[in-house]
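These are the residues of each chain, in order.
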Amino acid sequence: MTTTYALLLRGINVGGHRKVPMAELRAVLEGLGHRDVKTYLQSGNAAFTVTGAAHSDEAVRQAVEAAIEKHFGFTVDCLVRDHDYLAAVERDCPFPAAELEGKQLHAFYLSGPVDEERFAGLDREAFRPEAFALGDRVLYLYAPDGLGRSKLGEALSRPALFKGVTVTARNWNTVRKLVELTEVAQSDKR
């Protein structure tokens, strides 16, 4: 069995803290026996192929987190998603992604499902034209002036909103690139 995954690391290489050089990350992933390892940007994105016995996203995630902690000496929350999931996130986006710049649209990947009830205390109208929508373990954020200036993005970053859930955000350019990287590996194995 062969599966192509994207790895999304949370909170690394920010302000000189929790440094994870991409060459070392590739070596860690290859040390786990993963193939076709590629990284993208310095913010913790990788694509790789797992072969062998049946495996789950969760088992792959746990092994990667343990290997990162052993190699770098600190814990890093990770999400592992396969190509089909990443392609569905791109395809199911409720905003007109093709008409927007990559910095205007973000996907907040979530470790588990969340429901609308978590956001009941947010007055969505107060943030217009910014908006968000929920999908399958993803929150889509439309921020016309970019995430750095987004008042809604700031409101969504409150830890209480995502208590018990690991969250890591990527702009739409990165969302597309992860689909592309995992697609290449998918087509390579056919």
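Look above for the structure.
In this section: the sheet that holds strand β1 (residues 2-9). The sheet built from 4 strands is open, its strands ordered β2-β3-β1-β4 with antiparallel pairing. A single partner strand is all that each edge strand has here, and the edge strands are β2 (35-40) and β4 (78-82). For this sheet the average axis-to-axis angle between neighbouring strands, irrespective of direction, equals 25°. Bridging between β1 and β4 involves 5 bridges; their strand directions are antiparallel.

Below, the discussion takes up the packing of helix α1 (residues 22-31) against helix α2 (residues 57-72). Working note: a packed helix pair is described by the angle between its axes plus the distance between those axes. Across the interface, α1 lies against α2 with an axial gap of 10 Å and an inter-helix angle of 125°. The orientation of α1 relative to α2 falls into the category oblique. Seen along the crossing, α1 lies across α2 with a hand that is right-handed. Contacts between α1 and α2 involve Glu24, Leu25, Val28 and Leu29 on the former and, on the latter, Val64, Ala67, Ile68, His71 and Phe72. For the contact of α1 with α2, the class distribution of residues is 7 nonpolar, 1 polar and 1 charged.

This paragraph deals with the pattern of salt bridges. Applying the stated rule across the entire model yields 7 salt bridges. Between arginine 61 and glutamate 58 there is a salt bridge; the shortest N-O distance is 2.3 Å. You can see arginine 61 and its partner glutamate 58 sitting in helix α2, 3 residues apart, about one turn around the helix. Residue classification places arginine 61 among the buried positions, given a relative accessible area of 17%.

Relative to strand β7 (residues 138-142), strand β6 (residues 131-135) runs antiparallel, the two being bridged by 5 bridges. In the strand pairing of β7, leucine 134 is matched with leucine 139. Between the end of β6 and the start of β7, which pair antiparallel, lie 2 residues, with arginine 137 showing a positive phi angle near 55°.

The rules behind each value
- Residues numbered from 1 in each chain as written.
- Predicted model: local features only at pLDDT ≥ 70, side-chain atom pairs only at ≥ 80, totals over all residues.
- Heavy atoms only, no water.
- Pairing = 2+ DSSP bridges.
- Helix = DSSP H or I, 4+ residues; strand = E, 2+ residues; numbered from the N terminus.
- Axes fitted to C-alpha atoms, helices over the stretch in contact; angles between N-to-C directions.
- Parallel < 35°, antiparallel > 145°, perpendicular 65-115°, else oblique.
- Left-handed = near helix turned anticlockwise from the far one by under 90°.
- Contact = heavy atoms within 4.5 Å.
- Nonpolar A, V, L, I, M, F, W, Y, C, P; charged D, E, K, R; others polar.
- Salt bridge = Lys/Arg side-chain N within 4 Å of Asp/Glu carboxyl O.
- Buried < 20%, exposed > 50% of the residue type's maximum accessible area, 1.4 Å probe, protein only.

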